[in-house]
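Results of the structural survey
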Amino acid sequence: MDGKRDVRLEPGWLRLLGDEFEQPYMRALSAFLRERRAAGATIFPPGPELFNAFWYTPPERVSVVILGQDPYHGPGQAHGLCFSVRPQVPLPPSLRNIYQELEADLGIPPAAHGSLVAWARRGVLLLNSVLSVEQGRAGAHQGKGWERFTDRVVSLLDAEERGLVFMLWGSYAQKKGAQIDGRRHCVLRAPHPSPLSAHRGFFGCRHFSQANDWLAARGAEPVDWQLPSLGEAERLAAQPPSAQSSVTG
């Protein structure tokens, strides 16, 4: 989101969120991003990928929501999906732990890459609370307006009558999801998968099987958590969905 640069939003999300881009807080956020770039800051992910979570997963296809905090701040890592990295990028520690829990829970061996685009295409909304960061400066764009935008997203998802699964890993995600209606949705809470906290309850949480069991019990399709080969992951990452729209930031 930078001046007149078009931001990719899947049409369903554009209908739900388009008005947000006219709000003063989003205009201020856009101005902030322009100022930081003009000052020489390197911002991740690249502008066209800021809204990838809303590009790969149309609102009507969302069945599971994973809430993250802010993007990875190393070169080449962030591409708009929480916990995910591009196919050729080494796995961050948190993602390694996610794969470890997935294998323990469902017997799915760790993928040879860190791209979660396949999950996103299957209805897993991989949503960070803050959608941008600066190189080497974790949390640099917190408190600049992104939280209000993603709070609106969480509110829209909470209003879904069909019922969704929310995976809230760590205190930050749990605070952001505190208002989710647990009577209508399945709200799964665990410590964050980072090496600092994974051993305090993320390992053994069995969220992947719990999510699928809950969806199946409601007659919904369980998520296929198996990730594709490296070659297929590269193909998926290079080929965005055909349906597209844009909104000016």
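A brief report on the enclosed structure follows. Bear in mind the structure is a predicted one, so any value in this text is a computation, not a measurement. Just so you know, the residues in each chain are numbered from 1, in the order the chain's sequence is written. Given that the model is predicted, a residue must reach a pLDDT of at least 70 before its local features are reported, and side-chain atom pairs must reach 80 or more before they are shown or counted; all residues, however, enter totals for whole chains, interfaces and linings. In computing side-chain properties, one takes all heavy atoms of the structure into account and sets aside hydrogens as well as water.

1. So, the overall build of the protein chain
- Working definition: helices are DSSP H or I runs of at least four residues, strands are E runs of at least two. Numbering for both runs from the N terminus. Across its full length, the protein chain carries 9 helices and 8 strands.
- Radius of gyration: C-alpha atoms only; globule rule: 2.2 Å multiplied by the number of residues to the exponent 0.38. Computed over its C-alpha atoms, the radius of gyration of the protein chain comes to 17 Å, within 12% of the 18 Å expected for a compact globule of 249 residues.
- Once the C-alpha set of the protein chain is aligned to its principal axes, its extents read approximately 45 × 40 × 35 Å.
- In the protein chain, buried positions account for 56% of the 249 residues.
- Across the protein chain, the fraction of contacts at a sequence separation of at least 24, relative to all contacts at a separation of at least 6, is 73%.
- Approximately 10,800 Å² of the protein chain is accessible, and the part contributed by carbon and sulfur atoms is 49%.
- Residues counted as positive are Lys and Arg, residues counted as negative are Asp and Glu, and His and the chain ends are not counted. Working definition for charges: the position is that of NZ of Lys, CZ of Arg, CG of Asp or CD of Glu. Averaged over its 27 positive side-chain charges, the protein chain has a centre that lies 4 Å from the centre of its 25 negative ones. Exposed residues in this analysis have more than 50% of their type's maximum accessible area, buried residues have under 20%, and partly exposed residues fall in between, with area computed by a 1.4 Å probe over protein chains only. Only heavy atoms matter for contacts: two residues are in contact if any of them lie within 4.5 Å across the pair. Method for areas: the Shrake-Rupley scheme with a 1.4 Å probe, in which residue coverage is limited to the protein chains shown.

2. Focus: the pairing of strand 6 (residues 165-169)
- Burial analysis of strand 6 places 5 of its 5 residues in the buried class, which makes it a mostly covered element.
- Side chains of strand 6 alternate between two faces, with Val 165, Met 167 and Trp 169 and Phe 166 and Leu 168 buried alike.
- When DSSP finds two or more bridges between a pair of strands, those strands are recorded as paired. As defined by bridge partners, strand 3 (residues 64-68) adjoins strand 6 across 4 bridges and the pair is classed as parallel. Across the sheet, Leu 67 pairs through a bridge with Leu 168, a residue of strand 6.
- Here 5 bridges tie strand 6 to strand 7 (residues 186-190), and the two strands are oriented parallel to one another. Considered in strand 7, the bridge of Met 167 is made with Leu 188.
- Crossover handedness is defined here as right-handed if the route from the first strand over the helix to the second strand goes clockwise, with the strands pointing away from the viewer. What joins strand 6 to strand 7 is helix 7 (residues 171-176), and the crossover it makes is right-handed.

3. A few points about the packing of helix 4 (residues 93-106) against helix 8 (residues 207-217)
- Axis separation between helix 4 and helix 8 bottoms out at 8 Å; the angle between their running directions is 55°. Relative to helix 8, helix 4 is oriented oblique. Across the interface between the two elements, Ile 98, Glu 101, Leu 102, Asp 105 and Leu 106 of helix 4 pack against His 207, Phe 208 and Ser 209 of helix 8.
- Side-chain classes are defined by residue name, with Ala, Val, Leu, Ile, Met, Phe, Trp, Tyr, Cys and Pro counting as nonpolar, Asp, Glu, Lys and Arg as charged, and the others, Gly among them, as polar. Here the contact of helix 4 with helix 8 is composed, by residue class, of 4 nonpolar, 2 polar and 2 charged. Axis lines are fitted through C-alpha atoms, for helices just across the contact stretch, and the angle between N-to-C directions can take any value from 0 to 180 degrees. In what follows, roughly perpendicular refers to angles from 65 to 115 degrees, roughly parallel to angles under 35, roughly antiparallel to angles over 145, and oblique to any angle outside these ranges.

4. Brief notes about the sheet that holds strand 7
- Overall, parallel pairing links the 4 strands, which are arranged 4-3-6-7 in an open sheet. Either end of the sheet is taken by a strand with one partner, and the two such strands are strand 4 (124-128) and strand 7. Averaged over all adjacent pairs, the angle separating strand axes in this sheet is 20°, with direction ignored.
- Pairing of strand 3 with strand 4 involves 5 bridges; the strand directions are parallel. In the strand pairing of strand 4, Val 64 is matched with Val 124.
- Set on the sheet, helix 6 (residues 146-158) makes contact with strand 3, strand 4 and strand 6; between it and strand 4 the angle comes to about 150°.

5. As for helix 4
- One less than the residue count of a helix, multiplied by 1.5 Å, gives the span that helix is expected to have. When the terminal C-alpha atoms of helix 4 are compared, their 20 Å separation across 14 residues agrees well with the 20 Å that a helix rising 1.5 Å per residue should span.
- Looking only at helix 4, the buried set comprises Ser 94, Leu 95, Asn 97, Ile 98, Tyr 99, Glu 101, Leu 102 and Asp 105.
- Trailing helix 4 by a residue or two, Gly 107 shows a phi angle of about 75°, which is positive.

6. What about unusual backbone geometry?
- The omega torsion of the bond from Phe 44 to Pro 45 falls at -10°, within 30 degrees of zero and hence cis.
- On the secondary structure map, Pro 45 appears in the loop between strand 2 (43-44) and helix 3 (53-56).
- Here Arg 206, not a glycine, exhibits a phi torsion of approximately 55°, which is positive.
- Residue position: Arg 206 is located in the loop between strand 7 and helix 8.
- The partly exposed category is assigned to Arg 206, whose relative accessible area is 40%.

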